[in-house]
Amino acid sequence: MSLKNKITDILLERMSDAVYKAYFRIDYRRKYRFADILTSIRSLRGVTIVEPQGARTKMGEELDRSRLEVKFVPVGENIKEYVSAFMDDVRRVDGVSSFIFEKIVDIEKMKKTDR
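Residues numbered from 1 in each chain as written. Predicted model: local features only at pLDDT ≥ 70, side-chain atom pairs only at ≥ 80, totals over all residues. Heavy atoms only, no water.

Enquirer: Can you walk me through the environment of Gly-46 in this structure?
Expert: Here Gly-46 lies in the loop between α2 (34-42) and β2 (47-58). Owing to a relative accessible area of 18%, Gly-46 belongs among the buried residues under this scheme. Put simply, Gly-46 and Pro-74 are 28 residues apart on the chain and 5.8 Å apart in space, counted from C-alpha to C-alpha. What Gly-46 contacts, discounting residues up to four positions off in sequence, is Lys-71, Phe-72, Val-73, Val-75 and Tyr-82. (Helix = DSSP H or I, 4+ residues; strand = E, 2+ residues; numbered from the N terminus. Buried < 20%, exposed > 50% of the residue type's maximum accessible area, 1.4 Å probe, protein only. Contact = heavy atoms within 4.5 Å.)

Have a look at this one:
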């Protein structure tokens, strides 16, 4: 195995040790396409997957609410600092009215207990 492959394997192994899944509630303005909002969230640092959970709820004339499952690798920070910065970034996305943290799960710990 080449040095490059060894380094790649080590980096991938370390990254997989820090994969988290979190649930958030998002309120967004209906005049913005929800798909565009999700694309903007997917582009944020460390985010790997963003999936809506359940049906959207109408919150009034202009707002809808949805629940999101987000998988991410907290790049360069501890988990608390990463989630706080991530939430601030999402709140700056055009169309997002509010973004509320619900819960977080360490995917790797779950995988290890399932084995």
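Enquirer: Would you take a moment to explain the nonpolar core for this structure?
Expert: The nonpolar side chains of soluble globular proteins are, as a tendency, buried together. Core analysis: the biggest nonpolar cluster contains 23 residues, and Phe-24, Ile-26, Ile-41, Leu-68, Val-70, Phe-86 and Phe-99 have the highest contact counts within it. Not counting residues within four places of it along the chain, the set of residues in contact with Phe-99 comprises Phe-24, Arg-25, Ile-26, Leu-68, Phe-86, Met-87, Val-90 and Arg-91. (Core = buried A, V, L, I, M, F, W, Y, C linked by side-chain atoms within 4.5 Å.)

Enquirer: It is not clear to me how the pattern of salt bridges should be interpreted in this structure. Could you clarify?
Expert: Side chains bearing opposite charge may pair, as long as their charged atoms lie close to each other. Within this structure, the stated rule accounts for six salt bridges. One salt bridge in this structure joins Arg-65 and Asp-27, with 2.6 Å as the shortest N-O distance. Of the two residues, Arg-65 sits in strand β3 (residues 63-72) while Asp-27 sits in strand β1 (residues 20-29), which places them 38 residues apart along the sequence. On the basis of relative accessibility, which here comes to 24%, the residue Arg-65 falls in the partly exposed class. Among the ionic pairs, Asp-88 bridges to Arg-91, the shortest N-O distance being 3.7 Å. You can see Asp-88 and its partner Arg-91 sitting in helix α3 (residues 79-91), three residues apart, about one turn around the helix. With a relative accessible area of 35%, Asp-88 lands in the partly exposed category. On the basis of relative accessible area, Arg-91 is assigned to the partly exposed category, the value being 39%. (Salt bridge = Lys/Arg side-chain N within 4 Å of Asp/Glu carboxyl O.)

Enquirer: Please explain the sheet that holds β2 as it appears in this structure.
Expert: What holds strands together in a sheet is hydrogen bonding between their backbones, with the strands either parallel or antiparallel. Read across the open sheet, the four strands follow the order β2-β3-β1-β4; overall the sheet is antiparallel. Only two strands of the sheet have a single neighbouring strand rather than two, namely β2 and β4 (96-106). Neighbour-to-neighbour, the strand axes of this sheet turn through a mean angle of 20°, independent of strand direction. Bridging between β2 and β3 involves eight bridges; their strand directions are antiparallel. Opposite Pro-52, over in β3, you have Leu-68 as the bridge partner. Seen against the sheet, α2 touches β1, β2, β3 and β4 and runs at an angle of roughly 150° to β2. Each of β1, β2, β3 and β4 is contacted by α3, which is oriented at about 155° to β4, the strand it contacts most. (Pairing = 2+ DSSP bridges. Axes fitted to C-alpha atoms, helices over the stretch in contact; angles between N-to-C directions.)

Just geometry here; none of it tells us what the structure is for.
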